[in-house]
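What follows is each chain in one-letter form.
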Amino acid sequence: MAFLFAQKNDFIKAFRRIIAFIIIFSFIFEQPGIAQVIPQIPNPADPNSLFISSDKFRPIHLRSIDYQDAARSFSVMLDKGDVKEAKQAEIEQAVRDMMTYFFIGVRLPNSSFWVNLRPDSPERIIDAHLAQTDIGRIMLAADVQLKKD
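Treat the numbers as computed from the prediction; the structure is a model and nothing was measured.

## Observations concerning the overall build of the protein
Helix and strand counts for the protein stand at 4 helices and 2 strands. Along the protein, helices (α) and strands (β) appear in the sequence α-α-β-β-α-α when read from the amino end. Counting all 149 residues of the protein, 13% fall into the buried class. Of the roughly 12,800 Å² of accessible surface on the protein, a fraction of 61% belongs to carbon and sulfur atoms.

## What about helix α3 (residues 88–107)?
Between its first and last C-alpha atoms α3 spans 28 Å; for 20 residues at 1.5 Å apiece the expected length is 28 Å, and the two agree. Looking only at α3, the buried set comprises Ala-94, Val-95, Met-98, Met-99 and Ile-104. The elements touched by buried residues of α3 are β1 (61–68), β2 (73–79) and α4 (134–148).

## Observations concerning the nonpolar core
Core analysis: the largest hydrophobic core is formed by 5 residues, namely Ile-104, Leu-108, Ile-126, Leu-130 and Ile-135. Setting aside residues up to four positions removed in sequence, Leu-130 forms contacts with Leu-108, Ser-112, Phe-113, Trp-114, Ile-135, Gly-136 and Met-139.

## Points about a nonpolar patch on the surface
Together, Phe-11, Ile-12, Phe-15, Ile-18, Ile-19, Phe-21, Ile-22, Ile-23, Phe-25 and Phe-27 give the surface a local cluster of nonpolar side chains, amounting to about 1,000 Å² of exposed area. Structurally, Ile-19 can be placed in helix α1 (residues 2–28).

## Quick notes on the confidence of the model for the protein
Overall, the predicted model of the protein reaches an average pLDDT of 79, with 78% of residues at or above 70. Mean pLDDT across the elements of the protein ranges from a minimum in helix α2 (residues 31–37), with 59, to a maximum in α4, with 88.

## Structural notes on the packing of aromatic side chains
One pass over the structure, following the stated rule, counts 5 aromatic pairs. Relative to Phe-15, the ring of Phe-11 has its centre 6.5 Å away and its plane inclined at 20°; by these criteria the two rings are stacked. Within this pair, Phe-11 and its partner Phe-15 are both found in helix α1, separated by 4 residues, close to a single helical turn. For Phe-15, a relative accessible area of 48% corresponds to the partly exposed category. Taken together, the ring pairs in this structure connect Tyr-67, Phe-74, Phe-102 and Phe-103 into an aromatic cluster. Above the ring of Trp-114, the side-chain terminus of Arg-124 is found at 4.9 Å from the ring centroid.

## Let's talk about α4
Between its first and last C-alpha atoms α4 spans 21 Å; for 15 residues at 1.5 Å apiece the expected length is 21 Å, and the two agree. Considered for burial, the residues of α4 that qualify are Ile-135, Gly-136 and Asp-143. Along the long axis of α4, the arc covered by the buried residues comes to 95°, so they all point the same way. Facing away from the buried side of α4, by more than 90 degrees, are the exposed residues Arg-137 and Lys-148. The inward-facing, buried residues of α4 contact α3.

Definitions and cut-offs
- Residues numbered from 1 in each chain as written.
- Predicted model: local features only at pLDDT ≥ 70, side-chain atom pairs only at ≥ 80, totals over all residues.
- Heavy atoms only, no water.
- Helix = DSSP H or I, 4+ residues; strand = E, 2+ residues; numbered from the N terminus.
- Buried < 20%, exposed > 50% of the residue type's maximum accessible area, 1.4 Å probe, protein only.
- Areas by Shrake-Rupley, 256 points an atom, 1.4 Å probe, with all protein chains shown as cover.
- Expected span 1.5 Å × (residues − 1).
- Contact = heavy atoms within 4.5 Å.
- Core = buried A, V, L, I, M, F, W, Y, C linked by side-chain atoms within 4.5 Å.
- Patch = residues over 30% accessible without salt bridge, like charges linked within 9 Å, V, L, I, M, F, W, Y side chains within 5 Å.
- Salt bridge = Lys/Arg side-chain N within 4 Å of Asp/Glu carboxyl O.
- pLDDT = per-residue confidence, 0-100.
- Phe/Tyr/Trp six-rings, centres within 6.5 Å; stacked < 30°, edge-to-face > 60°.
- Lys NZ or Arg CZ within 6 Å of the ring centre and 35° of its normal.
- Arc of directions from axis to C-beta.

Structural data, given as structure tokens:
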């Protein structure tokens, strides 16, 4: 009788381990994890997928902003992205634009960052404060492209 109980107990432990393995396996291979990995795997049936395409362009962008209160100055750290030979004037202009966009983002409330190019509501296209900035123009252009696509 003790022998049967030991086997049954071992069977329950093995069954629990199998269930735990299935649960862990399903968490590892859940859809978001697979969705991040699958586009990187080349498809042998598609000859274009064997080569990694470099059609993505990464412009100069901000990595960090540091403000020294005692000196009342900002320090910015940039990432050159795909720009190989950046001239000093281009970098300074990019920093000016990025800081302008940063300060606009800080000054305007979150509720003003919207655009809506719907023909049934022409009075609600863009927030009045956002319309006075370049960010508003960029968002409208992106919305137009979204509607075209």
